[in-house]
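Structural features, examined
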Amino acid sequence: MSKIAVFPGSFDPITTGHIDILQRAVPLFDEIIVAIGINSQKKYLFSLEDRLAFIEATFEDEPKVKTATYKGLTVNFCKDIGAKYLVRGLRSNLDFEYEKPIAQLNSDLHNAIETIFLITQPQYGHISSTIIREIYKNDGDISQFIPEAAWKLMNS
Ligand code: ADP
């Protein structure tokens, strides 16, 4: 049976930190779905279409990485597509404290789900979409923090 993992997030926008986690997850699974959760209450900087396009352009040569969008609970999306693994990145103890109850609750809701945490490499530990958005909104150069293919699309 193929090992399907979901890497859920907002990816507003995808960063080199996300890419590092994804590239390291590729050898562990048969398929990784980068899944953008749709939350109608939340305001995003980049449209859903743009966020998907940034990811797709970055992984166009990696057939194991696919994209999807979903509404509602992440575990229900996992059930629907037959994914048994959730991938999350950890940058700090704050990430860990935030992620721990979510992983435990997800396991309560769907006990076949295993959350796999990958610890960031030090050179990406300070990178977050939140900070990248602030730099972008204030006309700063974000090119070193996002994948090259996404940068090209942003400027096309
Ligand atoms: P969310 O809105 O769910 O936090 P994000 O798009 O911000 O979604 O992040 C998705 C996942 O990527 C999360 O597990 C987050 O911890 C991880 N992540 C984000 N930036 C980094 C980074 N620089 N290094 C490692 N993991 C990261």
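You'll find the structure just up there.
Okay, so let's go over this structure. All of these numbers come straight from a predicted model, not from anything done at the bench.

**Examining helix α2 (residues 48–58)**
When α2 is considered as a whole, its buried residues turn out to be Arg51, Leu52, Phe54 and Ile55. With its buried residues spanning 155 degrees around the axis, α2 presents them on a single face. Where α2 is buried, its residues contact β2 (31–37), β3 (65–70) and α6 (148–154).

**Topic: the pattern of salt bridges**
Tallied over the full model, the rule gives seven salt bridges. Among the salt bridges present, the one from Arg133 reaches Asp12, with a minimum N-O distance of 3.8 Å. Here the residue Arg133 occupies a position in helix α5 (residues 129–137), and Asp12 occupies one in the loop between β1 (4–9) and α1 (16–25), the gap between them amounting to 121 residues. Overall, the relative accessible area of 2% leaves Asp12 in the buried class. Between Glu99 and Arg88 there is a salt bridge; the shortest N-O distance is 2.8 Å. With a gap of eleven residues between them, Glu99 in helix α4 (residues 93–109) and Arg88 in strand β4 (residues 85–90) connect regions that are remote in the sequence. Its relative accessible area of 5% is what places Glu99 among the buried residues.

**Comments concerning the site of the ligand**
In the vicinity of the ligand there are 16 residues, among which Ser10, Phe11, Gly89, Tyr124 and Ile127 approach most closely. Here a nitrogen atom of the ligand sits 3.3 Å away from a polar atom, N or O, in the side chain of Arg91. In the environment of the ligand, a nitrogen atom lies 2.8 Å from a nitrogen or oxygen atom belonging to the backbone of Tyr124. Isolated, the ligand exposes 550 Å² of accessible area, and the fraction of that covered by the protein chains is 87%. Sorting the residues of the shell around the ligand by element identifies β1, α1, β4 and α4 as the ones contributing at least two each.

**So, the environment of Ser156**
Relative to the helices and strands, Ser156 resides in the segment after α6. Note on Ser156: relative accessible area 78%, which makes it exposed. Sequence separation between Ser156 and Ile113 is 43 residues, and the spatial gap between their C-alpha atoms is 39 Å. Within the local environment of Ser156, its side chain forms a polar contact with the backbone oxygen of Leu153, the two atoms lying 2.8 Å apart.

**Some remarks on the pairing of β3**
Judged from the six bridges that link them, β2 and β3 form a sheet pairing that is parallel. Among the inter-strand pairings, Val34 is bridged to a residue of β3, identified as Thr67. In this region the chain leaves β2, passes through α2 and returns to the parallel neighbour β3; the handedness of that crossover is right-handed.

**Quick look at the pairing of β4**
The sheet contact formed by β1 and β4 spans two bridges and is parallel. Each bridged residue has a counterpart across the sheet, and for Val6 the counterpart in β4 is Leu86. Regarding the hand of the β-α-β motif, the stretch spanning β4, α4 and strand β5 (residues 114–119) is right-handed.

About the criteria used
Residues numbered from 1 in each chain as written. Predicted model: local features only at pLDDT ≥ 70, side-chain atom pairs only at ≥ 80, totals over all residues. Heavy atoms only, no water. Buried < 20%, exposed > 50% of the residue type's maximum accessible area, 1.4 Å probe, protein only. Helix = DSSP H or I, 4+ residues; strand = E, 2+ residues; numbered from the N terminus. Arc of directions from axis to C-beta. Contact = heavy atoms within 4.5 Å. Salt bridge = Lys/Arg side-chain N within 4 Å of Asp/Glu carboxyl O. Near = heavy atom within 4 Å. Polar contact = N/O pair within 3.5 Å; in protein donor to acceptor, adjacent residues only side chain to side chain. Areas by Shrake-Rupley, 256 points an atom, 1.4 Å probe, with all protein chains shown as cover. Pairing = 2+ DSSP bridges. Right-handed = clockwise from strand over helix to strand, strands pointing away.

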